Amino acid sequence: FFTERNYQKEAPSLQYKYVGRSGAERYAPCPINTQYWDFYLRHGLLQAARLSKEYPIVAIAIDFELYETEIPGGFGHCFCDGCWGRFCREMKIDGYGIAPEGRFLYLASTRSIERYSEWQSKEVWKLGAWLAQCVHEINPDLALGYINYERGWFAKNVTQGFAADG
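About the criteria used
- Residues numbered from 1 in each chain as written.
- Predicted model: local features only at pLDDT ≥ 70, side-chain atom pairs only at ≥ 80, totals over all residues.
- Heavy atoms only, no water.
- Helix = DSSP H or I, 4+ residues; strand = E, 2+ residues; numbered from the N terminus.
- Buried < 20%, exposed > 50% of the residue type's maximum accessible area, 1.4 Å probe, protein only.
- Contact = heavy atoms within 4.5 Å.
- Areas by Shrake-Rupley, 256 points an atom, 1.4 Å probe, with all protein chains shown as cover.
- Pairing = 2+ DSSP bridges.
- Arc of directions from axis to C-beta.
- Salt bridge = Lys/Arg side-chain N within 4 Å of Asp/Glu carboxyl O.
- Disulfide = S-S within 2.5 Å.

**Student:** Explanation requested: the overall build of the protein in the structure shown.
**Tutor:** Tallying secondary structure elements over the protein gives 6 helices and 6 strands in all. Out of the 166 residues belonging to the protein, those deemed buried represent 46%. For the protein, long-range pairs separated by at least 24 residues make up 69% of all intrachain contacts whose partners lie at least 6 apart in sequence. Split by element, the accessible area of the protein, about 9000 Å² in all, is 51% carbon and sulfur.

Quick look at the structure:
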């Protein structure tokens, strides 16, 4: 409610959307897409942080609206070109030519699923810490929370990232 930006109208401009383990693209942002974190989250949170200096706002709870990324037990990891390319580059894996529908199978066959999961978890943690730092530059006492209905990798890492700032 802090911004007039509407994800449903603006989503086509996102560079990377969520791609599930089957290779199918979903109508949700990639959970480590920095454009999503900056455009859809940071701007509204900064507006709330500024308001908290004038009004008795002590905390902000964030709904990341990643519903289309769900698998049983929580949000699934993303296999979009952005995630996959960064992972391959940072881990020095020659997997650039693997199509989205083959990425999960490749990780399974090379016993690298846990490595990919840890990498993506670390990225969410860093983004959570960055978002908290941005908010706390305006109001260091403003608490950030996550509207949590899942207990998976995303919830754990984003909330730990929030807590890591400062």
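**Student:** Is there a simple way to think about the pairing of strand E3 (residues 59-62) in this case?
**Tutor:** The side chains of a regular strand alternate between the sheet's two faces. Side chains Ile60 and Ile62 of E3 all project onto a buried face; the interleaved residues Ala59 and Ala61 project onto a face where none is buried. Relative to strand E6 (residues 143-146), E3 is paired through 4 bridges, and the arrangement is parallel. Residue pairing across strands places Ile60 opposite Leu144, the latter belonging to E6.

**Student:** Please clarify how unusual backbone geometry should be interpreted in this entry.
**Tutor:** Excluding glycine, most residues fall at negative phi; most peptide bonds, likewise, are trans. In the Ramachandran plot, Lys92 falls in the positive-phi region, its phi being about 55 degrees despite a non-glycine side chain. Mapping Lys92 onto the fold places it in the loop between helix H3 (81-91) and helix H4 (100-109). With relative accessibility at 74%, the residue Lys92 sits in the exposed group.

**Student:** I keep staring at H4 and nothing clicks. Help me out?
**Tutor:** An α-helical turn contains 3.6 residues, so a residue and the one three or four places further along point in the same direction. Three or more residues of H4 are buried, namely Arg103, Phe104 and Leu107. What you see down the axis of H4 is that its buried residues fit within an arc of 85 degrees, all on one side. In H4, the exposed positions that point more than 90 degrees away from the buried face belong to Leu105 and Ser109. Buried residues belonging to H4 abut H3 and helix H5 (113-138). The positive-phi residue at the C-terminal boundary of H4 is Arg111, with phi of around 55 degrees.

**Student:** Can you help me understand the pattern of salt bridges in this one?
**Tutor:** Side chains bearing opposite charge may pair, as long as their charged atoms lie close to each other. Under the definition given, this model contains 5 salt bridges. Among the ionic pairs, Asp38 bridges to Arg42, the shortest N-O distance being 2.4 Å. Taken as a pair, Asp38 and Arg42 lie in helix H2 (residues 34-52) at a separation of 4 residues, close to a single helical turn. One salt bridge connects Glu90 with Arg86, and the closest N-O pair in it is separated by 3.9 Å. On the criterion of helical spacing, the pair formed by Glu90 and Arg86 is a turn pair, its members being 4 residues apart in helix H3. Owing to a relative accessible area of 39%, Glu90 belongs among the partly exposed residues under this scheme. Overall, the relative accessible area of 23% leaves Arg86 in the partly exposed class.

**Student:** It is not clear to me how the state of the cysteines should be interpreted in this structure. Could you clarify?
**Tutor:** Cysteine pairs can be linked by a disulfide, which is a covalent bond between their two sulfur atoms. The full count for this structure, using the stated rule, is 0 disulfides. With no disulfide of its own, Cys78 lies 3.6 Å from the sulfur of Cys80, the closest cysteine sulfur. In this structure Cys78 comes out as buried when scored by relative accessible area, which is 0%.

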